[in-house]
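Letter by letter, the chains look like this.
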Amino acid sequence: MSVLSQSTIAKKVFFSGVGIHTGNKVKMSVLPSAPNSGIVFKRTDLKHNNIIIPNFENVSDATLCTTVSNQFGVKVSTIEHLMAAFLGLGIDNAVVELDSQEVPILDGSARDFVKILKDTGLKNSDVPIKLIKINNHVELEDGDKYISIDKSNTTLEIEFEINYQNKFIKNQQNKVNVFEDNLDDVFNSRTFCLYEDIEKLQKIGLGKGGSLENAIVVKDDKILNENGLRNKNEFVNHKILDCMGDLYLTGYRMIGSLKCTHGGHSLTNKLLRKVFNDTRNYSLIEIKGKNLPHSLLNNRHNLKSIA
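How each quantity is defined
Residues numbered from 1 in each chain as written. Predicted model: local features only at pLDDT ≥ 70, side-chain atom pairs only at ≥ 80, totals over all residues. Heavy atoms only, no water. Helix = DSSP H or I, 4+ residues; strand = E, 2+ residues; numbered from the N terminus. Rg over C-alpha atoms; globule rule 2.2 N^0.38 Å. Buried < 20%, exposed > 50% of the residue type's maximum accessible area, 1.4 Å probe, protein only. Contact = heavy atoms within 4.5 Å. Areas by Shrake-Rupley, 256 points an atom, 1.4 Å probe, with all protein chains shown as cover. Lys, Arg positive; Asp, Glu negative; His and termini not counted. Charge placed at Lys NZ, Arg CZ, Asp CG, Glu CD. Arc of directions from axis to C-beta. Pairing = 2+ DSSP bridges.

Draft legend 1. Quick peek at the overall build of the protein. When helices and strands are tallied, the protein shows 7 helices and 20 strands. Taken over C-alpha atoms, the radius of gyration comes to 18 Å for the protein, in line with the 19 Å a tight globule of 307 residues would show. Put simply, the protein has 307 residues, and 52% of those count as buried. When contacts within the protein are restricted to residue pairs at least 6 apart in sequence, those whose partners lie at least 24 apart make up 75%. As presented, the protein carries roughly 14,200 Å² of accessible surface, and 46% of it is formed by carbon and sulfur atoms. A gap of 4 Å separates the mean positions of the 38 positive and 36 negative side-chain charges of the protein.

Structure follows, in structure tokens:
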């Protein structure tokens, strides 16, 4: 099979855990799917109207996680880490079945999603991959928050900066090439919060399943997790992970260059809505041998050798 073709997973895989915001236990399966079917979520705890498409237009809430809903109000939340794993591994098509509203948080990163999906292997089809190519510069500002996307020749770049008043987090910035760089540090980076924000989260009904097992908690100039950080840029790298997952809500891998300062789920979603509001901003292209970006080819060769 050609590395230019769409991929799904080789066989069904299972995950279980709790939702970080609902606190509910959840069992989840990822199943192989046919070419051009994309990523689809199915709520198995519901008998009717239980299919939800993870598309940026279906985002119904972006408060501290990404929630997508269908026309009947059925929703799935905290999908961003799983979607980032799909994007980073080059998985175009899959069905995600879960028996609760929220994707399990696992350890707060995408590490376990990536490991299990890699271990099960990828299955290529004979249908060419498709990409979104950004044609124009689009930007948004919201107070001190800023996000932009511009065209790129061959890859998807994400450059992110955060700046916290907290003594431990302070300022962090990083830039990754999604199709060329080793993404282990990004995949391994956990969600985080400030200790003083925990009560605020609980008052608005969020963070019910949060613990030191699935989130970094920062108090003043230290973190409360015993084993410390997994990498020196873990905070900003987790923001890049979230951004990857939110960008995959276009339904396709993307060729473009994104820059963000102090952003998050909501700002990324607003940017996508602005980009796709004008057809001049993007192109949907089908990749065939002669015009395959070299970085995609390199990435998919690497994945093939792992699977």
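Past the structure itself, the notes keep going.
Draft legend 2. Structural context of the environment of K170. Summarising the element assignment, K170 is placed in the loop between strand 14 (156-163) and strand 15 (171-177). Sequence separation between K170 and L247 is 77 residues, and the spatial gap between their C-alpha atoms is 26 Å.

Draft legend 3. Examining helix 2 (residues 111-120) more closely. Looking only at helix 2, the buried set comprises F113, V114, L117 and T120. Looking straight down helix 2, one finds that the buried residues subtend no more than 140° of arc, so they occupy a single side. Turned more than 90 degrees away from the buried face of helix 2, the exposed residues are K115 and D119. Downstream of helix 2 by one or two residues, G121 has phi in the positive range, about 90°.

Draft legend 4. Looking closely at the pairing of strand 12 (residues 138-142). Bridge count between strand 12 and strand 13 (residues 145-150): 5 bridges; the pairing is antiparallel. Residue pairing for strand 13: E139 is matched across the bridge by S148. Hairpin remark: strand 12 followed by strand 13, antiparallel, with 2 residues in the connecting loop; positive phi at G143, about 65°.

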